[in-house]
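One letter stands for each residue in the lines below.
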Amino acid sequence: MIEILPAPWEVILGHARACYPRECCGILLGEVGDGGSRRRVTIAVACANAYQGEQSDRFELDPADQFEAQRLARKEGLEVLGFFHSHPDCDAYFSATDLAHSWPWYSNLVVSIRHGGFDHARAFRANEAQTESTSEELICPTS
Amino acid sequence: MPHILIPAPLRQYAGGQSSVEAPGATVAEVLAALTSLHPDLRKHLFSDQGGLRSFVNIYVGDEDIRYLEKEQTAVGASETLTIVPSIAGGAR
Ligand SMILES: [Zn+2]
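Let us look at the structure shown here. (Residues numbered from 1 in each chain as written. Chains lettered and ligands numbered in written order. Predicted model: local features only at pLDDT ≥ 70, side-chain atom pairs only at ≥ 80, totals over all residues. Heavy atoms only, no water.)

Turning our attention to the interface of chain B and chain A. Every contact between the two is made by 28 residues of chain B and, on the other side, 29 residues of chain A. Contact with chain A buries surface across chain B, with Ile87(B), Ala91(B) and Arg92(B) losing the most and accounting together for 27% of the total. For the pair chain B and chain A, the number of links is 3 salt bridges. The partner of Asp62(B) in a salt bridge is Arg71(A), and the shortest N-O contact between them spans 2.3 Å. (Contact = heavy atoms within 4.5 Å. Buried area = accessible area lost by both parts, 1.4 Å probe. Salt bridge = Lys/Arg side-chain N within 4 Å of Asp/Glu carboxyl O.)

As structure tokens, this is what we get:
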């Protein structure tokens, strides 16, 4: 289960709308409980899409942004819980490309943006072998 | 001794620790020491050919070793190595 508090939720939606029709991406920081299965996102860091090429259906995080996010998490006593990205004019599924470039354990929030506005969001986690993903219960503010 | 910050997905292969100390004067030496202490980490950090996996980034202090001398980058005795997973994706 992953819960996203209102302040980071606004950061995520704002970044997704601003980047439309390109995919946006960013990093989710927060607290973990129950051995990692309960997660609460308290900070979302909006990052530049570092993918070199057409960004309407691809994204890449710059490792330098993740390095800084890890440092911020340690400073704040938080954990890097996962990542978010948008799917412009597409449903919020976890694609084969998403799965192939993900890591286990992390939560992956996918936000569907249609015609520049928020449509829906879902969260996913990859298995250890990165051969499949399962959906993770998502609790977010109603927008 | 240098210490290595372990990201959450790999901690289960490092005895549940978020930070591990391992000796060495270069990145290659420190990672070799780390994976001999915690052998389960090896396949998550290195490919079958023995090189660092392309989805794994290593920082020494504040610097990505890609822009230094890669695995031959020198590591000071009190320096921190950070393992940063690469993340990407796309709708299609
Ligand atoms: Zn995606």
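Having seen the structure, we can now continue with the description.
For the rest of this paragraph, the subject is the layout of surface pockets. Residue and element names in this part refer to chain B. In this model, the largest pocket occupies a volume close to 330 Å³. Considering the residues around the largest pocket, the lining is formed by 19 residues, among which Ser54, Val56, Asn57, Arg66 and Ser86 are closest to the centre. The element contributing the most residues to the lining of the largest pocket is strand 3 (residues 56-60), with 3 residues. (1 Å grid on protein atoms, 1.4 Å probe; cavity = no way out; pocket = protein on both sides within 12 Å on 5 of 7 lines; lining within 4 Å. Points joined across faces, edges and corners; volume = space filled by probe spheres on them. Helix = DSSP H or I, 4+ residues; strand = E, 2+ residues; numbered from the N terminus.)

Residues and elements named next belong to chain A. Protein coordination at the zinc ion comes from His85 (NE2), His87 (NE2), Asp98 (OD) and Asp98 (OD), with a distance range of 1.9 to 2.5 Å. Mapping the donors of the zinc ion onto the primary sequence gives the spacing H-x1-H-x10-D. Both residues of the pair, His85 and His87, belong to the buried class. (Donors = N, O, S within 2.8 Å, 3.2 Å for Na, K, Ca; no water. Buried < 20%, exposed > 50% of the residue type's maximum accessible area, 1.4 Å probe, protein only.)

Residues and elements named next belong to chain A. Read across the sheet, 8 strands follow the order 8-7-6-5-2-3-1-9 without closing on themselves; strand pairing throughout is mixed. The sheet is open, and its two edges are formed by strand 8 (133-136) and strand 9 (138-139), each paired on a single side. Bridging between strand 2 (residues 25-33) and strand 5 (residues 79-88) involves 6 bridges; their strand directions are antiparallel. Bridge pairing in strand 5 links Cys25 to His85. Contacting strand 1 (2-4), strand 2, strand 3 (38-47), strand 5, strand 6 (107-114) and strand 7 (117-126), helix 1 (residues 6-19) runs over the sheet at an angle of about 40° to strand 3. Running at roughly 25° to strand 2, helix 2 (residues 63-76) makes contact with strand 2, strand 3 and strand 5 of the sheet. (Pairing = 2+ DSSP bridges. Axes fitted to C-alpha atoms, helices over the stretch in contact; angles between N-to-C directions.)

Once that is clear, we can look at the packing of aromatic side chains. All told, the structure shown has 5 aromatic pairs over all chains when counted by the stated rule. Aromatic side chains Phe67(A) and Tyr59(B) sit 4.2 Å apart centroid to centroid with 10° between the ring planes, which places their arrangement in the stacked category. With one member in each of two chains, Phe67(A) in helix 2 and Tyr59(B) in strand 3 form a pair that bridges those chains. With respect to class, Phe67(A) is no different from Tyr59(B); both count as buried. Consider the rings of Phe94(A) and Phe124(A), whose centres lie 5.4 Å apart with planes at 20°: the pair is stacked. On the criterion of sequence distance, the pair formed by Phe94(A) in the loop between strand 5 and helix 3 (96-100) and Phe124(A) in strand 7 is long-range, its members being 30 residues apart. Across the pair, exposure class does not vary: Phe94(A) and Phe124(A) are buried alike. Feature note: the residues Phe83(A), Trp105(A) and Tyr106(A) constitute an aromatic cluster, connected by ring pairs. Sitting above the plane of the Trp105(A) ring, Arg39(A) keeps its charged end 4.1 Å from the centroid. Its end group placed over the ring of Tyr13(B), Lys43(B) keeps NZ or CZ at 5.6 Å from the ring centre. (Phe/Tyr/Trp six-rings, centres within 6.5 Å; stacked < 30°, edge-to-face > 60°. Lys NZ or Arg CZ within 6 Å of the ring centre and 35° of its normal.)

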